[in-house]
Amino acid sequence: MAEIKREVIEQFQFEGTYTEGIPYGSGHINDTFRVTFQEEGKTKRYILQRMNTQIFLHPEELMENVEGVTSWLRKKIEERGGNPDRETLNLVPTKQGKFFYADTDGDYWRAYLFIEDAMTYDLVEKKEDFYESAVAFGNFQGLLADYPAETLHETIQDFHNTVKRLDTFKKAVEADVCKRAADVQEEIRFVLDREPLAHKLCDMQAEGKLPLRVTHNDTKLNNIMIDNATGKAICVIDLDTVMPGLAVNDFGDSIRFGASTGAEDEPDLSKVSCSMELFELYTKGFVEGCKGSLTKEELDMLPVGAMTMTYECGMRFLTDYLEGDHYFKIHREGHNLDRCRTQFKLVRDMEEKWEQMNEIVNKYR
Ligand code: NDG
């Protein structure tokens, strides 16, 4: 984790005197801090982030996306009488009026208003929260339905191109730079046995059977802020991967993360399964939130989206494990392998519950 630099603090239009900066949240990609300022007895807080430029190779383009999407959302939220300071992320500009600052070491920083009296959750604590998050992600798609998607940059090329991910995985197995492949034969086999799944949605997209939409691409429960007082989902966060994509993948990633009965890195796999109750809640909320905008094919493919995203994510964790854990931040030995195993346990569980998943979708379409 990087340190906050004085130089950085001084660049942004923060109000008051800097008093504290602490690491914040549970993200795997950027370094996130909550910074506090005091002015005439009043406390103001902000989120300050050092962007991961190993992963996001074009931070200027990424910030153009974020600026474009957040100002669009602000306008839409104002129009419907909402509170744009709480219902979308708001960038804090630098004193030069830019939306990021490149420091003297070449690190890129950005800042947001801190949303007070709201939290994110890594695990579903109250079932309503999960339903709320579904409505929020559905809504997010709705608000951005007429956004000029072609103006968005692809912040990570082929982010949910599962076929390319599989390719990268195979290369990692072959190279085996850390000599770890021998110990994870079962997991490797699991991926290879399900090769057709990697192709399903990519093929449909190539054949024009699934439309390209503005998607969030990281629709985990913990990318939604829930208001402490009302329990309502107020704001979608982490807009780094907003780009054109498939709606079913946004749906799928939420199920992968939020409908699991265990944490993403739970070492005890007996605690991990895909809850049909949560799957149903999310399906209901998402379909409602999208307000009739999903096509027949998209509705048909919702369960496939769930299974594909879970499979892909497990494969990405395993790839990173094989390559020496350079992508996802790890906090213990074998962390990425634990994460991979939870994902594969979920895929297996979905395979068993396949019929039920399809029945649930049919109920809400
Ligand atoms: C990160 C990943 C996301 C993945 C998640 C797993 C990026 C930019 O970790 O894709 O599903 O917890 O790679 N984000 O948020």
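What you see is a predicted model; the values in this text were computed from it and never measured. Per-chain numbering applies: the sequence of each chain, read as written, is numbered from 1 onward. Where local features are concerned, this predicted model is filtered to residues with pLDDT of at least 70; where side-chain atom pairs are given and counted, the filter is 80 or more; whole-chain, interface and lining totals use all residues. The side-chain figures draw on all heavy atoms in the structure; neither hydrogens nor water molecules are used.

### Concerning the domain arrangement of the chain
Next, step 1: In terms of domain boundaries, the chain breaks down into domain 1 (6–116) and domain 2 (127–364).
Next, step 2: Domain start and end points were adopted from an automatic or database domain assignment. One C-alpha centre belongs to domain 1, the other to domain 2; they are set 26 Å apart.
Next, step 3: Between domain 1 and domain 2, the contact holds 26 residues from the first and 30 residues from the second.
Next, step 4: Defined here as a combined quantity, buried area equals the accessible surface (1.4 Å probe) lost by two parts on assembly, summed across both. Summed over both partners, the interface of domain 1 with domain 2 comes to about 2,500 Å²; 61% of that surface belongs to carbon and sulfur atoms.
Next, step 5: A per-residue breakdown of the area domain 1 buries against domain 2 is headed by H28, N65 and W72, which together make up 27% of the total.
Next, step 6: For salt bridges, the criterion is a side-chain nitrogen of Lys or Arg within 4 Å of an Asp or Glu carboxyl oxygen. Taken together, the connections running from domain 1 to domain 2 amount to four salt bridges.
Next, step 7: A salt bridge links D146 to K76; the nearest nitrogen and oxygen atoms lie 3.3 Å apart.
Next, step 8: The term polar contact refers here to a pair of N or O atoms within 3.5 Å; inside protein, the definition further demands a hydrogen-donor-capable atom paired with an acceptor-capable atom, and it admits residues adjacent in sequence only when both atoms are side-chain atoms. Counting across the domain 1 and domain 2 interface gives 10 residue pairs in polar contact (both at pLDDT 80 or more).
Next, step 9: A helix here means a DSSP run of H or I that spans at least four residues, while a strand means a run of E at least two residues long, and both kinds are numbered starting from the N terminus. For the side of domain 1 that touches domain 2, the element with the highest residue contribution is helix α2 (residues 59–79), accounting for 11 residues.
Next, step 10: Lys, Arg, Asp and Glu make up the charged group, whereas Ala, Val, Leu, Ile, Met, Phe, Trp, Tyr, Cys and Pro make up the nonpolar group; the residues left over, Gly among them, are polar. Of the residues that constitute the side of domain 1 that touches domain 2, the class distribution is 10 nonpolar, eight polar and eight charged. Whether two residues are in contact is decided by their heavy atoms, any of which lying within 4.5 Å being enough.

### What about the site of the ligand?
Next, step 1: Throughout this document, a residue counts as near a molecule or strand when at least one of its heavy atoms sits within 4 Å of that molecule or strand. Taken together, 15 residues form the shell around the ligand, and within it H28, D218, E264, R316 and Y327 come nearest.
Next, step 2: Within the side chain of K220, an N or O atom sits 3.3 Å from an oxygen atom of the ligand.
Next, step 3: Between R256 and the ligand, the recorded distance is 3.3 Å, taken from a side-chain N or O atom to an oxygen atom.
Next, step 4: Note on definitions: the grid is 1 Å and covers protein atoms alone; a cavity is a set of points where a 1.4 Å probe fits but cannot get out; a pocket is an open set with protein on both sides within 12 Å along at least five of seven lines; lining residues have an atom within 4 Å of a point. Just a note on the criterion: a molecule sits in a pocket or cavity if more than half of its atoms are within 2 Å of the grid points. Mapping the ligand onto the cavity grids shows that it belongs to the largest pocket.
Next, step 5: If one sorts the elements of the shell around the ligand by residue count, helix α11 (residues 302–323) sits on top with three residues.
Next, step 6: Looking at the shell around the ligand residue by residue, the classes come out as eight nonpolar, two polar and five charged.

### Regarding the pattern of salt bridges
Next, step 1: A full pass over the atoms with the stated rule returns 38 salt bridges.
Next, step 2: With a closest N to O distance of 2.8 Å, R110 and D240 form a salt bridge. Of the two residues, R110 is situated in strand β5 (residues 108–113) and D240 in the loop between β9 (233–236) and β10 (243–245); the sequence distance between them amounts to 130 residues.
Next, step 3: Put simply, D300 and R365 hold a salt bridge, and the shortest N to O gap is 2.9 Å. On the criterion of sequence distance, the pair formed by D300 in helix α10 (residues 296–300) and R365 in the segment after α13 (354–364) is long-range, its members being 65 residues apart.
Next, step 4: With relative accessibility at 26%, the residue D300 sits in the partly exposed group. A 1.4 Å probe rolled over the protein chains alone gives each residue an accessible area, and that area as a share of the maximum for its type sets the label: buried under 20%, exposed over 50%, partly exposed in between.

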